Amino acid sequence: DRAQRRLRVLRFARPAGGWVSHGDSTPPLQGELVVEEVACGRERPWLNLHTCARVLQGGARLLWASERTGFRHLYIHDMVGGREL
């Protein structure tokens with residue numbers, strides 16, 4: 001969100017006909033949640049935005065940096081289901 005208190009990383013499946021715009025008749029895309037981070041409390045009033053994300057293993061995994069512990073650590077997430085590995 002605009003206050004940088006919530007961050008979501010979504011995965012989108014490629015539509016059957018490819019990425020083609022059909023004007024207003026195009027149904028909204030439904031993304032699958034991979035990572036969600038929420039800032040809370042005085043210790044973490046906002047989320048620092050970063051570019052520390054890499055897709056691994058041909059799209060099966062996501063390498064993600066998070067400061068949820070107060071320090072930046074790297075985590076690997078399953079791109080299908082979003083669980084942390």
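Scroll up for the structure.
Basis of the calculations
- Residues numbered from 1 in each chain as written.
- Predicted model: local features only at pLDDT ≥ 70, side-chain atom pairs only at ≥ 80, totals over all residues.
- Heavy atoms only, no water.
- Helix = DSSP H or I, 4+ residues; strand = E, 2+ residues; numbered from the N terminus.
- Buried < 20%, exposed > 50% of the residue type's maximum accessible area, 1.4 Å probe, protein only.
- Contact = heavy atoms within 4.5 Å.
- Areas by Shrake-Rupley, 256 points an atom, 1.4 Å probe, with all protein chains shown as cover.
- 1 Å grid on protein atoms, 1.4 Å probe; cavity = no way out; pocket = protein on both sides within 12 Å on 5 of 7 lines; lining within 4 Å.
- Points joined across faces, edges and corners; volume = space filled by probe spheres on them.
- Nonpolar A, V, L, I, M, F, W, Y, C, P; charged D, E, K, R; others polar.
- Core = buried A, V, L, I, M, F, W, Y, C linked by side-chain atoms within 4.5 Å.
- Polar contact = N/O pair within 3.5 Å; in protein donor to acceptor, adjacent residues only side chain to side chain.
- Patch = residues over 30% accessible without salt bridge, like charges linked within 9 Å, V, L, I, M, F, W, Y side chains within 5 Å.
- Salt bridge = Lys/Arg side-chain N within 4 Å of Asp/Glu carboxyl O.

Novice: Help me out: how do you make sense of the overall build of the chain in this one?
Specialist: For the chain, the helix and strand inventory stands at 0 helices and 5 strands. Ordered by position in the sequence, the α and β elements of the chain form the string β-β-β-β-β. The buried share of the chain, taken over its 85 residues, is 20%. Look at the contacts in the chain between residues 6 or more apart in sequence, and 40% of them connect residues 24 or more apart. For the chain, the exposed surface amounts to about 6600 Å²; the carbon and sulfur share of it is 54%.

Novice: Would you explain the layout of surface pockets in this entry?
Specialist: Picture a little ball the size of a water molecule; that probe, rolled over the atoms, points out where space is still empty. Estimates place the volume of the largest pocket at around 250 Å³. Lining the largest pocket are 16 residues, with Arg44, Trp46, Leu47, Asn48 and Glu67 sitting closest to its centre. Ranked by residues supplied to the lining of the largest pocket, first place goes to strand β4 (residues 61–66) with 3 residues. Residue classes in the lining of the largest pocket are distributed as 7 nonpolar, 4 polar and 5 charged.

Novice: I would appreciate a short explanation of the nonpolar core in the present structure.
Specialist: The tendency in soluble globular proteins is for nonpolar side chains to be buried as a group. By size, the foremost hydrophobic cluster in this structure holds 6 residues: Val9, Val34, Val35, Leu62, Trp64 and Met79. Elements represented by at least two residues in this core include exactly β2 (32–38) and β4. Contacts of Trp64, omitting those with residues within four sequence positions, involve Leu7, Val9, Val35, Glu37, His50, Cys52, Ala53, His73, Leu74, Tyr75 and His77.

Novice: What is the right way to read the environment of Leu10 from this model?
Specialist: Mapping Leu10 onto the fold places it in strand β1 (residues 6–11). Other than its neighbours up to four places away in sequence, Leu10 contacts Gly31, Glu32, Leu33 and Val34.

Novice: For this particular structure, what's the right way to read the environment of Arg6?
Specialist: Tracing the backbone through its elements, the reader meets Arg6 in strand β1. The sequence separation of Arg6 and Cys40 amounts to 34 residues, and the corresponding C-alpha distance is 9.4 Å. At 2.7 Å, the side chain of Arg6 and the side chain of Glu36 are in polar contact.

Novice: Would you explain a nonpolar patch on the surface in this entry?
Specialist: A contiguous nonpolar surface patch, about 340 Å² in accessible area, is contributed by Leu10, Phe12, Leu29 and Leu33. Taking the relative accessible area as the measure of exposure, Leu33 reaches 36% and is therefore partly exposed.

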